[in-house]
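Here's the letter readout for the chains.
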Amino acid sequence: MFVSWNMTKACNLQCKHCYRDAGERDEHELNTIEGKHLLFELRESGCNRIIFSGGEALLRDDIYELIAYANSLGIRCVLGSNGMLIDLKVAKRLLDTGIGRVGISLDSSNPKEHDEFRQCTGAFEQTMAGINACLQAGLDFQIHTTVMDFNMDKLSELSDMAQRLGAKAHHIFFLVHTGRAKGLTSMISQKKYHALLTGIIEKQLKNPAFELKPTCAPQFMPMASKAGCLSPHFIRGCLAGIGYCCILPNGDVSPCPYLPLIIGNIKETPFPVLWKESIILLQLRSSAYKGKCRGCEYREICGGCRARAYYYSKETDCMAADPWCVLK
């Protein structure tokens with residue numbers, strides 16, 4: 001099991017698609033002691049990997065202390081960041097505390113496009129400086145890209161760029177309408193979605209040493225398996241509530257950062273209890289999907305995107321059919 005901990009809503013950007021609607025700090029966010037207690041409970045529940053994220057996690061003064069503590073518990077630590085606050089000193093300190101890898105967001109090779117999407121002039125330049133700092137420090141990093149109308153036909157070029165920059169992987173995020181992303185119009189048709197996944201698979205076959213991974217695109221799993229390019233550590237399409245969950249800044253727990261269903265709060269109920277007994281999580285683990293997902297032969301390897309199903313069911317049913325499905 002692995003967990004994404006959105007440690008803070010504080011952020012130095014106002015990205016158009018932010019699922020956490022980040023910007024200002026949540027006055028009720030977990031403090032250092034509560035954070036360490038959470039990490040201990042996660043380890044006791046079988047968590048072996050954690051993503052420290054935000055907002056911008058580097059805006060927390062105790063980020064290094066919490067990473068070091070998680071690392072001491074035997075939990076593999078990775079960081080999700082916009083990269084703008086990473087200089088050589090920060091990169092070296094992250095490496096010393098035990099971060100295994102940093103995921104840095106980069107949405108275009110065009111500075112103007114990236115800055116406009118992130119709503120900050122100079123964001124591209126600062127992110128590139130952060131990438132260079134990671135390289136100098138010897139800190140592994142990967143590139144994260146959110147698919148939008150302005151970059152969907154340039155994903156292959158971005159993957160090539162990521163590899164040239166020295167990234168270990170390129171993770172490609174397909175938009176789910178939650179948080180500020182509710183105000184965005186998705187330009188991706190079902191046909192285009194299928195074409196993009198096919199293109200990613202073809203590129204992976206040509207370059208198996210460089211990891212390409214679509215996120216919020218569970219249909220990639222059976223498609224990649226058929227093509228013979230499925231990485232052995234990709235085990236299932238949608239892991240929401242099954243092998244993955246999200247901790248919000250104030251201690252609320254949800255099945256996934258993009259699925260806004262709260263199963264409880266770790267300040268009130270121990271995480272192991274929530275993880276084992278939540279009715280919502282048990283429902284997600286039942287695979288009792290509806291519509292075309294119900295009888296699909298790929299439901300155990302794919303599972304459909306539960307967050308997207310929830311949004312398109314007018315936020316009423318996380319077990320509804322995934323409307324982006326290209327397999328049936």
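Position numbers for residues start from 1 in each chain and track the written sequence from start to end. Restriction of local features to residues with pLDDT of at least 70 applies here, the model being predicted, together with a cutoff of 80 or more for giving and counting side-chain atom pairs; totals for whole chains, interfaces and linings are based on all residues. Each side-chain value is derived from all of the structure's non-hydrogen atoms; neither hydrogens nor water enter the calculation.

Let us look at the pattern of salt bridges. Here, a salt bridge means any Lys or Arg side-chain nitrogen found within 4 Å of an Asp or Glu carboxyl oxygen. Counted according to the given criterion, the structure contains 14 salt bridges. The residue R60 makes a salt bridge to E29 at a minimum N-O spacing of 3.8 Å. Pair noted here: R60 is in the loop between β2 (49–53) and α2 (63–72) and E29 is in the loop between β1 (2–6) and α1 (32–44), with a separation of 31 residues, a long-range link. E29 shares its class with R60; the two are buried. Ionic pairing is found between E65 and K36, a salt bridge with its closest N-O pair at 2.8 Å. Remark: K36 occurs in helix α1 and E65 occurs in helix α2; sequence separation between them is 29 residues. In this structure E65 comes out as partly exposed when scored by relative accessible area, which is 40%. Connected through salt bridges with shared partners, the residues R25, E29, R60 and D62 form a single ionic network. Put simply, DSSP H or I for four residues or longer makes a helix, DSSP E for two residues or longer makes a strand, and each gets a number counted from the N terminus. Type-normalised accessible area, obtained with a 1.4 Å probe on protein chains alone, sets the label of each residue: buried when under 20%, exposed when over 50%, and partly exposed for intermediate values.

Ordered by their spatial adjacency, 10 strands build an open sheet running β7-β6-β5-β4-β3-β2-β1-β8-β9-β10, and the pairing between neighbours is mixed. Both edges of this open sheet fall to β7 (211–215) and β10 (264–265), since each of them pairs with a single strand only. The contact definition used throughout considers only heavy atoms, calling two residues in contact when any of these lie within 4.5 Å. Only the contacting stretch of a helix is used when fitting its axis, a line to C-alpha atoms as for every element, and angles between N-to-C directions run 0 to 180 degrees. In the packing of α2 onto the sheet, contacts are made with β1, β2, β3 (76–81) and β4 (99–105), and the angle to β2 comes to roughly 175 degrees. Here, a strand pair is defined by DSSP locating no fewer than two bridges between the strands.

Turning our eyes to something else, we now look at helix α3 (residues 88–97). Taken residue by residue, α3 has V90, A91, L94 and T97 as its buried positions. Relative to the axis of α3, the buried residues are bounded by an arc of 130 degrees and lie together on one face. In α3, the exposed positions that point more than 90 degrees away from the buried face belong to K89 and D96. The inward-facing, buried residues of α3 contact α2, β3, β4 and α5 (123–137). Capping the start of α3 is the job of one residue whose side-chain oxygen sits 3.2 Å from the backbone nitrogen of K89: D87. Positive phi shows up at G98, right after α3, with a value of about 110 degrees. Arc, as used here, means the arc of the directions from the helix axis to the C-beta atoms. Polar contacts here mean pairs of N or O atoms no more than 3.5 Å apart (in protein, one a potential hydrogen donor and the other a potential acceptor; neighbouring residues in sequence count only if both atoms are side-chain atoms).

Looking now at the pairing of strand β6 (residues 169–174). With six of six residues buried, β6 lies mostly within the body of the structure. Across the two faces of β6 the burial is the same, with A169, H171 and F173 and H170, I172 and F174 all buried. As paired elements, strand β5 (residues 141–147) and β6 share five bridges and run parallel to each other. For H144, the partnering residue across the bridge sits in β6 and is H171. Note that the unit made of β5, helix α6 (residues 155–165) and β6 has a crossover that is right-handed. Bridging between β6 and β7 involves five bridges; their strand directions are parallel. Its bridge partner lying in β7, F173 is registered against T215. By definition, the crossover connecting two strands over a helix is right-handed if that path, from the first strand to the second, turns clockwise as seen with the strands pointing away from the viewer.

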